[in-house]
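Residue-level structure breakdown
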Amino acid sequence: MPVARGPSKASARLRRLLVAIPYLVKHPGTPIEELTRLFSVSQRDLLSDLNLLFVSGLPPYGPGDLIEVDVDDEGRVWVDLADYFARPLRLTRSEALALYLRGKELLGAPGLPEAAALESALAKLEDRLGPETLGAIEGRVAAAEADGPSDALDRLRQAAADRERVEIEYYAASRDETSTRSIEPEEVFTSLGNWYVVAWDLGAGGERMFRVDRVKAVRETGERFEPRGLAGAGRPLYSRSREDVPVRLLLRTGARWVAEYYETTDVTEREDGLQVTIPTKQLAWVAKLLLRLGGEAVVLDPPELREQAREAALETLARYR
């Protein structure tokens, strides 16, 4: 019998735990009521997350290999980290190089409070990797050019702080087109590895969210606006509406990550995979997603999506001939 999955996604639970565990280690004995208020989570979800820690660790899962959690009769919480957290982390050369490159990318983000500590850590990684590794990529990694993602991020954050209306050149991946938008940016935040700006779109007459790496240019207008109180960090990355088209997909093993990364409903475990419904206003981007997933995803509905995916595949093949 198909079993519907609970409302709390693994990605959301992981984010909560990555924040809650360091806090509890630094503040042992924090009451559950205070934790629910700090992390905006229900007591039920918090206790479920903490219970998950009891089975978190490394083989052979002995007493020193598992994370321990203690909740006393008064509802206070203690976390005792496994012994392996006290041992130096050992990385392969490939892992160290990947960490170094992602760290360099993050270091380019303007206004990063941890920039000094990150730069110091990257310098140590650079020393350990040595020229025999980094020499192979010398000249291939460059900082973003003017009006690139870092510059756009800096200017949008400043516009949000100054409450200044701006014009942006924005590439909409769902429609594969670039347009000029006049927006009033209120909040800039990061989620799932991307930067987003939440703004009032004057042309659309409504609230919109834009991925900063798809902003090609930012132009100042010198005009100010009164903020409407739009939500920023912590908000869903997709806002549902009456215009949504429900897309039903069957996800096999290599595509199950879609259920964690994108907004989904009606998630059901089946013998042949995970069935999900993705709400969307545009089928075009789902067709492109299907190309990435290959044979790991099957379209159940709507039928026209199959044809769009086929056309997208033919266009991609034509470009490489």
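Residues numbered from 1 in each chain as written. Predicted model: local features only at pLDDT ≥ 70, side-chain atom pairs only at ≥ 80, totals over all residues. Heavy atoms only, no water.

1. Things to note about unusual backbone geometry
Filter applied, for reference: Classification of residues uses two cut-offs on accessible area relative to the type maximum, computed with a 1.4 Å probe and protein chains only: under 20% is buried, over 50% is exposed, and between them is partly exposed. The helix count covers DSSP runs of H or I at least four residues long, the strand count covers runs of E at least two residues long, and both are numbered beginning at the N terminus.
Cis geometry marks the peptide bond from Asp-301 to Pro-302; its omega dihedral reads 0 degrees. In this structure, Arg-163 is a non-glycine residue whose phi angle is positive, near 55 degrees. A residue is classified by how much of its surface remains accessible, and Arg-163, at 27% relative accessible area, is partly exposed. Its identity as a non-glycine residue notwithstanding, Asp-266 has a phi of 50 degrees, on the positive side. Following the sequence through the fold, Asp-266 ends up in strand S11 (residues 265–270).

2. Observations concerning helix H9 (residues 283–293)
Formally: This arc is taken over the directions from the axis of the helix to the C-beta atoms.
What H9 keeps buried is the set Leu-283, Val-286, Ala-287, Leu-289, Leu-290 and Leu-293. End-on view of H9: buried residues confined to an arc of 160 degrees, all on one side of the axis. In the segment just after H9, Gly-294 is the residue with positive phi, at about 60 degrees.

3. Some points on the packing of aromatic side chains
When we look at a pair of aromatic rings, we describe it by the centre distance and by the angle of the planes. Cut-off, in case you're wondering: Centres within 6.5 Å are what make two rings of Phe, Tyr or Trp a pair, Trp counting through its six-membered ring; a difference in plane orientation under 30 degrees is then read as stacked, over 60 as edge-to-face, and the rest as tilted.
All chains considered together, the criterion is met by one aromatic pair. Aromatic pair Tyr-170 and Phe-210: ring centres 4.9 Å apart, planes at 75 degrees, arrangement edge-to-face. Residue Tyr-170 is found in strand S5 (residues 164–172), and its partner Phe-210 is found in strand S8 (residues 206–211); the two are separated by 40 residues along the sequence. Residue class for Tyr-170 comes out buried when judged on its relative accessible area of 8%. Judged by its relative accessible area of 2%, Phe-210 falls in the buried class.

4. Section: the sheet that holds strand S4 (residues 76–80)
As a reminder, the rule being used: Strand pairing follows a simple DSSP-based rule, namely that at least 2 bridges must link the two strands.
Taken in spatial order, the three strands make up an open sheet running S2-S4-S3, and their pairing is antiparallel. Because the sheet does not close on itself, it has two edges, and the strands there are strand S2 (30–31) and strand S3 (68–71). Across four bridges, the pairing between S3 and S4 is antiparallel. Paired with Glu-68 across the strands is Asp-80, a residue of S4.

5. Topic: the pairing of S11
In this sheet, strand S12 (residues 273–280) lies alongside S11 in antiparallel orientation, the contact comprising four bridges. Opposite Arg-270, over in S12, you have Gly-273 as the bridge partner. Count of turn residues in the S11/S12 antiparallel hairpin: two residues.

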